[in-house]
Structure formats: C-alpha cells, structure tokens
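A structural walkthrough
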Amino acid sequence: MSIPISWYLLVAIILFGIGILAILTRRNVIVLFMGIELMLNGCNLTFLAFSRSFGNSVGHVSAFLVIAIAAAEAAIGLAITLAVFRHKGSVDVNEVRSLRG
Amino acid sequence: MEKVLFILFAGGAILSAIAVILPVMARTPVHSALALVVTFLCLAGLYALLAAHVLAVLQILVYAGAIMVLFLFVIMLLNLGQERTGPPKRATSRVLTSAVAIALVLLLTGQIFGALGTSVGFKTNPAVMAGSTGPDQCVASCLTREVATHPKKDARKICQTECWESFGSLRSVGRTLFSDYLVPFELLSILLLIALPGALILAKKNLDLPGSSETQLSEGNES
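Residues numbered from 1 in each chain as written. Chains lettered and ligands numbered in written order. Predicted model: local features only at pLDDT ≥ 70, side-chain atom pairs only at ≥ 80, totals over all residues.

On to unusual backbone geometry. The backbone of B:Ala51 shows a phi angle near 65 degrees, a positive value even though the residue is not glycine. Following the sequence through the fold, B:Ala51 ends up in the loop between α2 (29-49) and α3 (53-78). (Helix = DSSP H or I, 4+ residues; strand = E, 2+ residues; numbered from the N terminus.)

Below you can see the structure in the form of structure tokens.
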C-alpha cells in the first residue's frame, strides 16, 4: 500500500467540509441535497480507507448500506421538494416557514 | 503510477465538489448536478484505488446513474433555469457560515488524526497499521484448508497473498454481507420498499394531507 491512509482521510474530511459549507451557505433545496450526498460520500471514503487499512471487508458492507440509504433518502427528499414546490412555487428553504422555523 | 492516479482522482473530486457549491461556478442547479457527477466518478476511482472494486462499480451505477438521474429529472421537472431565490445574503452571514464550516473541518481533522496518534502529518501510527497484516477471518479459514497440503509457514504466506488478492472482490464482500450482516441487509430492503410508495405518494399531484385540506385547496390552486 504505497499511499498512506491519512491522505484518503484528508480527502474525505475536505469533501465532508464542502458538504457542510453547501448546507450552511446555499438556500436551494436541491443544492442542499447535493451537499448531503457529498457528506455521505466523504463518510464512505473513510469507511473504505479504514477497511483497506485493517484488511477487513466490514467497511465495504457499511459503505454498501450507506449507498442504499442515500438512494432512499434522495428519492423521498426530492419527492418532498416536488410537493413543496407545488405548494409554494419556490425551492428556497427560507420560503418554507409554515412551521414558523 | 498509483500516486499519480490518486492525485488525479482526489484533485478532481475536490475541485468538482467546490464547483458544486460555489454560486459563481454553478449558476443553475443543472451545473451543480453535472459537477456532482464528476465528483462521484472521481470518488469511484478512489474506491478502486482502495481495492474496493465492488463499491466502485456500485458508486457509478447507483450514484452517478440512478441518483443523479433523479436529481436532473426533478430539476427539469421544476424548470429551475435561474435560481429564483431572494435577495443575496449579507456578507457577514456568508463569512460567519464559512467560518463555522472551516472550524468544523478543523475539528474533524484534529479528532481523526488525533485518534490515529499523529498530528496532521502524513505518517501513520504503527500501532494502527500493525493490524493490517491481512484479512484475519479470511486467513484463518484459508489456513484450515491449506495446512493439510502445505507446511505451516508456506500455508500462511499462500493464504495471506490469496486473501489480499481477493480483498474487495464480490466474493469476499458478499460473504460478509450475507453472513454477518444479513439482518441489516434485509432491513434495508424493507426500507427501500417503504421509500418507493412513499416517494410516489408524496410526489402525487393532489396531495391530500388529513386535516389540512382547506389550506391545501386555497393555497395549492394559486401556484
């Protein structure tokens, strides 16, 4: 293994940070979902890097589960976005304040 | 060679991830989505470098294929050309949110590399790396087979190379998934089964929520 695991971890942390930045700065719901996907991918990269380092394929199983859950989350979240857009005519998260948030 | 590929994929993933979120580079959500596809493809390359071949293929199939098609489909269904958002945020709030994000990243870096036993240097803790002699379970099961035909020292060497070569293959991942992690796998199938009609019902044209039919009628018809 010529590339140390910490390089992969650093890439994963940077991806996670970019995801957080997307969620904190953008207001378009769809871009927020993309930020969540970036964070999930950063987590997956961490799982796989440690899995490689320990020589154990449990990390692969975790990453598999994360990918499947991300698919379900994207489907439900985008359906909610569609419903909100029909209701409000906008995908700006600041417009959605029916719960007084 | 491996290093060149790593730098290529990691740089591509980070740069395109930045392109996803920067409003300057991605003026419409479609641009963000296309940059996100590049990120996922680069990440699939990184997974392949980590010998996770199955996950690399799944990443391309599920993320770059299915999920991104879903994203683009919704973007085009909503007809979001230019972002119709309100007035731009004040500079102070932008700086504040960026500072919070950077602080979180630094915290994560400190925690993870602290747990590895080093500072942010690129060395790895020998105590952590000592566990990486090979896939232990695989070696153990292989040894019981090979000891019969080979001397013990040779058998261990054969098994270690064999297990490292099969690491991340469909066989080894599938064996773990369908033996020790069968219950989470089945629960996941139930989750997907629930998510499918859930998404269909939520995206239906006339969403009748119980108790909110009046507001639905008055506000829903305007938009």
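This part takes up the interface of chain B and chain A. Opposite the 77 residues of chain B that make contact, chain A presents 68 residues. Of all elements in the fold, only α1 (2-21), α2, α3, α4 (91-116), α8 (170-179), α9 (182-202) and α10 (213-220) of chain B reach the threshold of two or more residues within the side of chain B that touches chain A. Its residues assigned to classes, the side of chain B that touches chain A comprises 54 nonpolar, 17 polar and 6 charged. (Contact = placed C-beta atoms within 7 Å. Nonpolar A, V, L, I, M, F, W, Y, C, P; charged D, E, K, R; others polar.)

Turning our attention to the nonpolar core. In terms of nonpolar packing, the biggest core is built from 77 residues, with A:Leu15, A:Ala22 and B:Leu46 touching the most fellow members. Going through the elements one at a time, α1 (5-25), α2 (29-54) and α3 (58-88) of chain A together with α1, α2, α3, α7 (152-166) and α8 of chain B are the ones with two or more residues in this core. Other than its neighbours up to four places away in sequence, B:Leu46 contacts A:Tyr8, A:Val11, A:Leu45, B:Phe9, B:Ala10 and B:Ala13. (Core = buried A, V, L, I, M, F, W, Y, C linked by C-beta atoms within 7 Å. Buried ≥ 20, exposed ≤ 12 C-beta atoms within 10 Å, placed from the backbone.)

The N-to-C vectors of α2(A) and α3(B) enclose an angle of 175 degrees; their axes lie 12 Å apart at closest approach. Judged by the inter-axis angle, α2(A) sits roughly antiparallel to α3(B). Residues A:Ile30, A:Glu37 and A:Leu48 of α2(A) pack against B:Leu55, B:Ile67, B:Phe71, B:Val74 and B:Ile75 of α3(B). Split into classes, the residues belonging to the contact of α2(A) with α3(B) amount to 7 nonpolar, no polar and 1 charged. (Axes fitted to C-alpha atoms, helices over the stretch in contact; angles between N-to-C directions. Parallel < 35°, antiparallel > 145°, perpendicular 65-115°, else oblique.)

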